[in-house]
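Report on the structure
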Amino acid sequence: MLSRTADHLFWMSRYTERAENTARMLNVHHETSLLPQSAAVSQYGWQGVLSISELLPAYSRLHGEITPQGVMDFMVKDENNPSSIITCLKAARENARAVRGTLTTEVWETLNQTWLECTRMLKRGAFDKDPGEFFEWVKFRSHLSRGVTLGTMLQDEAFHFLRMGTFLERADNTARLLDVKFHAVQSDFFGAASERDQEYDFYHWSAILRSVSGFEVYRKVYRDVIKPERVAELLMLREDMPRSLHHCMSEVVGNLRHVSANPKDETLSRAGKLRADLRYGHIDDILATGLHAFLTQFLDRVNQLGAHISRNFLMPALA
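Sequence order as written defines residue numbering, which begins from 1 separately in each chain. Since the coordinates come from a predicted model, pLDDT governs what is reported: local features require at least 70, and pairs of side-chain atoms require 80 or more to be given and counted, while whole-chain, interface and lining totals use all residues. Working from all heavy atoms in the structure, the side-chain values ignore hydrogens and water.

So, on to the environment of Asn27. Looking at where Asn27 falls in the secondary structure, it is placed in helix H1 (residues 3–32). Placed 133 residues apart in sequence, Asn27 and His160 show a C-alpha to C-alpha distance of 30 Å. Working rule for contacts: check all heavy atoms of both residues, and any pair within 4.5 Å makes them a contact. Excluding its chain neighbours within four sequence positions, the residues that come into contact with Asn27 are Gly132, Phe135 and Glu136. The definition of a polar contact used here is a pair of N or O atoms within 3.5 Å, where within protein one atom must be able to donate a hydrogen and the other to accept one, and adjacent residues in sequence count solely through side-chain atom pairs. For Asn27, the side chain forms a polar contact with the side chain of Glu136, separated by 3.3 Å. Each helix corresponds to a stretch of at least 4 residues labelled H or I by DSSP, and each strand to a stretch of at least 2 residues labelled E; elements are numbered beginning at the N terminus.

Okay, structure coming up:
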């Protein structure tokens, strides 16, 4: 496969996944902001939304004070924000258009229609009228895109680059979410003293789980009250959780194997080591040595892995 084609496919799926992740994060924050809370707590939460995507400096330069509506507009409608939903859907569509001949008609039409319908919805004020419904629509279109890809595309190299992009982006997002949200609670993360703090803990951790469709999964797996250490374990170490770090890295390794000519390729080796740390890791050891340090190192290694994938498979060869 031409490296330029692989590059478009890889980033097409990453942008689609990024739009969904942003919608998930904003939807949960929008819902929790309706709960009784102080202005300071509310502002800290919206600041966290920007911190997850490393967009706090960019937002501050453009808008100054952090407000719920300001953050929502910046993360949804601002075409100057490279991580806004509208920008991601446009970028996904443009990458798809560049490799139209590689995609099935169903995949192309799904991405193209998503972009067209999103612009129409924003112009007629559907987002301002009901943000929750808009976010659910973005999630549904992302699910539809993945389903159509799985159901119609030949599982060749093009398919594997699409899947690789999806899960690398998802791993990055889940790690950022966990890192920011664990730091948002000014406690030791192992239970709160007062009844009020316990109530806040429940809503805080359940919101994290809901943002990755993990609330019902948590109840099924642990059948217990929500505990921070188990939230971390579920979203990091369980391979059977679709949005966990372990599951994402297993998918990346599996798809890398299909496109790597050399089983000892350095890129594949890096991905395999990252997955091994998650497969054989224990949450007690990770928490004892520092969750923030672990996640920061994980994000650095994921970024390095992405750079290696780009250099080895995606960058067009210079003449």
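Okay, back to it.
By definition here, a helix of n residues has an expected span of 1.5 Å times n minus one. An ideal rise of 1.5 Å per residue puts 27 Å on 19 residues; helix H6 (residues 105–123) measures up with 27 Å between its terminal C-alpha atoms. For H6, the complete set of buried residues consists of Val107, Trp108, Thr110, Leu111, Asn112, Thr114, Trp115, Cys118, Thr119, Met121 and Leu122. The inward-facing, buried residues of H6 contact H1, helix H4 (68–76), helix H5 (85–98), helix H7 (126–129) and helix H8 (131–152). Among the residues trailing H6, Gly125 stands out with phi positive, at a value near 80 degrees. Any residue under 20% of the maximum accessible area for its type is buried, any over 50% is exposed, and the rest in between are partly exposed; the area is computed with a 1.4 Å probe on protein chains only.

A few words on the packing of aromatic side chains. Two rings belonging to Phe, Tyr or Trp (six-membered ring only in the last case) form a pair when the distance between their centres is within 6.5 Å. Interplanar angles under 30 degrees mark stacking, angles over 60 mark edge-to-face geometry, and anything in between is tilted. Counted by the stated rule, this structure contains 10 aromatic pairs. Here Phe10 and Trp11 contribute two aromatic rings whose centre-to-centre distance is 5.6 Å and whose plane-to-plane angle is 90 degrees, an arrangement assigned as edge-to-face. Residue Phe10 is classed as buried on the basis of its relative accessible area, which comes to 1%. For Trp11, a relative accessible area of 24% puts it in the partly exposed group. An aromatic cluster is present here, built from Phe127, Phe134, Phe135 and Trp137 joined pairwise through their rings.

On to unusual backbone geometry, then. Its identity is not glycine, yet Glu54 carries a phi of approximately 55 degrees, on the positive side. In this structure, Glu54 sits in the loop between helix H2 (39–52) and helix H3 (56–63). Classification of Glu54 as exposed rests on a relative accessible area of 57%. Positioned with a positive phi, Arg223 is a non-glycine residue whose angle comes to about 50 degrees. Secondary-structure assignment places Arg223 in the loop between helix H11 (215–222) and helix H12 (228–236).

Here His160 shows up in helix H9 (residues 157–184). Those residues within four positions of His160 in sequence are excluded, and the remaining contacts are Gln155, Asn255, His258 and Val259.

Next up on the list: the side chain of Thr104. Structurally, Thr104 can be placed in the loop between H5 and H6. Side chain to side chain, Thr104 and Thr152 meet in a polar contact 2.9 Å long. Non-local contacts of Thr104, meaning those with residues more than four positions away in its chain, are made with Thr152 and Met153.

Time to look at empty space enclosed by the protein. Think of a 1 Å grid over the protein atoms and nothing else: a 1.4 Å probe that fits but is trapped marks a cavity, an open set flanked by protein within 12 Å on at least five of seven lines marks a pocket, and residues with an atom within 4 Å of a point count as lining. Grid points are joined across faces, edges and corners, and a volume is the space filled by probe spheres set on the points. Using the criterion set out here, one finds 4 cavities of 30 Å³ or more in the structure. Roughly 110 Å³ of internal volume is contained in the largest cavity. If you trace the largest cavity, you find it lined by Met12, Ser13, Thr16, Ser145, Arg146, Thr149, Leu150, Leu162, Arg163 and Thr166. For the lining of the largest cavity, the secondary structure elements donating two or more residues are H1, H8 and H9. Ranked by the residues each element gives to the lining of the largest cavity, the list is headed by H8, at 4 residues. Each residue receives one of three labels: charged for Asp, Glu, Lys and Arg, nonpolar for Ala, Val, Leu, Ile, Met, Phe, Trp, Tyr, Cys and Pro, and polar for the others, Gly being one of them. A breakdown of the residues in the lining of the largest cavity according to their chemical character gives 3 nonpolar, 5 polar and 2 charged. If you add up the space inside the second largest cavity, you get close to 50 Å³. Forming the walls of the second largest cavity are Thr16, Leu89, Ala92, Thr110, Leu111, Thr114, Arg141, Ser142 and Ser145. Elements that contribute at least two residues to the lining of the second largest cavity include exactly H5, H6 and H8. Within the lining of the second largest cavity, the residues separate by chemical class into 3 nonpolar, 5 polar and 1 charged.

Turning our eyes to something else, we now look at the layout of surface pockets. Taken as a whole, the second largest pocket encloses approximately 350 Å³ of empty space. Looking at the second largest pocket, it is lined by 18 residues, and the ones nearest its centre are Arg18, Ser83, Glu169, Asp172 and Arg176. With 6 residues, the top contributor of residues to the lining of the second largest pocket is H1. Broken down by class, the residue content of the lining of the second largest pocket amounts to 5 nonpolar, 7 polar and 6 charged.

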